[in-house]
Amino acid sequence: RMKLKDIKISKQLQIGLGIILGMVILLGIIAWSQANSMWQETKGLYDHPLTVRRAIEDLQVDVLSMHEWMTEFVLTENEQDWETYQQAINMLETDAKQQFTILYDRYLGPVSDVDNAHQAFVEWKAIRAETIRLVQEGNHEEALKRVRENGPGNKSTDKIMENIEVISDYAINRGDQFYQDAQSQRKNLVVQLWTLIGIILALTIGIRYLMIKGISAPLEELTGVTEQFQQGKLDARSQYTSANEFGILTAAFNNMADT
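Parameters at a glance
Residues numbered from 1 in each chain as written. Predicted model: local features only at pLDDT ≥ 70, side-chain atom pairs only at ≥ 80, totals over all residues. Heavy atoms only, no water. Axes fitted to C-alpha atoms, helices over the stretch in contact; angles between N-to-C directions. Helix = DSSP H or I, 4+ residues; strand = E, 2+ residues; numbered from the N terminus. Parallel < 35°, antiparallel > 145°, perpendicular 65-115°, else oblique. Contact = heavy atoms within 4.5 Å. Nonpolar A, V, L, I, M, F, W, Y, C, P; charged D, E, K, R; others polar. Salt bridge = Lys/Arg side-chain N within 4 Å of Asp/Glu carboxyl O. Buried < 20%, exposed > 50% of the residue type's maximum accessible area, 1.4 Å probe, protein only. Left-handed = near helix turned anticlockwise from the far one by under 90°.

## Examining the packing of helix α5 (residues 152–230) against helix α6 (residues 245–258)
Phase 1: Here α5 crosses α6 at 10°, and the two axes come no closer than 10 Å. Between α5 and α6, the crossing angle belongs to the class labelled roughly parallel. Of α6, the residues touching α5 (which contributes Gly214, Ile215, Pro218, Leu219, Leu222, Val225, Thr226 and Phe229) are Phe246, Leu249, Thr250, Phe253 and Ala257.
Phase 2: Class assignment of the residues belonging to the contact of α5 with α6 gives a composition of ten nonpolar, three polar and no charged.

Quick look at the structure:
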């Protein structure tokens, strides 16, 4: 059975440095993996909860602004203003549709949440069209009832905002979850890195001890025997036996002494 001291010094050095290098590479792989995982969490937080929240805020502004423009439309009797208000409402409606597209693409919650809000938005368009028709026919009093607090226009606005709030609450909670996951991964990364660094330090110290012991012990013995031989003790011989370079050197010295 081969002992550690029988392994050649060059091989011991290669093994020791190879182990340390392997642990350093492992440390790098773990650090890269965890950093990439944290990046994915950050990217997910931006691509989903944050993007959804921005879309929700824009959608809320669109809906409230459309409701205000509808109220202004009902209150005015100037046909030129009607056209201006309708253009403003149409622009806001176009932007709202874009926000719904973002919600359908990025929202991580149930699709039915977005469907409910979108359906309420679509239904509101028919209500607005009826209100506009009444205004254009001169029935301002009836049209005004539709945009007041208990009117169908105001109720539709409230319904849309309630459905949007459901989406908003889920996005906020999901954002908190992303943050908590990122914190957990950070803690795991710190623990793994410190553990691996500790293992590398322990291996380095252990390998250093074994290497020094494997080199200094035979050197000290051979040096001592050489000094004895030099001082005239011609029967001095080294008792160190090994298959490594020091064993070969010791055998060569003993053969020389014998000769």
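Once the structure has been displayed, the description carries forward.
## A word on the side chain of serine 168
Phase 1: Structurally, serine 168 can be placed in helix α5.
Phase 2: Once residues within four sequence positions are removed from consideration, serine 168 is found in contact with Arg53 and Ile56.

## Here's the deal with the pattern of salt bridges
Phase 1: Scanning the model with the defined rule gives nine salt bridges in all.
Phase 2: Its salt-bridge partner being glutamate 123, residue lysine 159 comes within 3.7 Å of it at the nearest N-O pair. In this pair, lysine 159 sits in helix α5 while glutamate 123 sits in helix α3 (residues 111–136), placing the two residues 36 residues apart along the sequence.
Phase 3: Take lysine 159: its relative accessible area is 42%, and that puts it in the partly exposed class.
Phase 4: Residues glutamate 130 and arginine 133 are paired through a salt bridge, measuring 2.5 Å at the closest nitrogen-oxygen approach. With a gap of three residues between them, glutamate 130 and arginine 133 both fall in helix α3, about one helical turn apart.
Phase 5: Where salt bridges share partners, they join Glu93, Lys97, Lys125 and Arg128 into one cluster.

## What to know about the packing of α3 against α5
Each pair of packed helices can be summarised by the angle the axes make with each other and by the distance between the axes.
Phase 1: The interhelical angle for the contact between α3 and α5, taken along N-to-C directions, is 165°, at an axis separation of 9 Å. By the criterion of interaxial angle, the relationship of α3 to α5 is roughly antiparallel. The two elements α3 and α5 meet at a crossing, and its hand is left-handed. Touching Asp113, Val114, Asn116, Ala117, Ala120, Phe121, Glu123, Trp124 and Ile127 of α3 are Pro152, Gly153, Ser156, Thr157, Lys159, Ile160, Asn163, Ile164, Val166 and Ile167, all from α5.
Phase 2: Split into classes, the residues belonging to the contact of α3 with α5 amount to eleven nonpolar, five polar and three charged.

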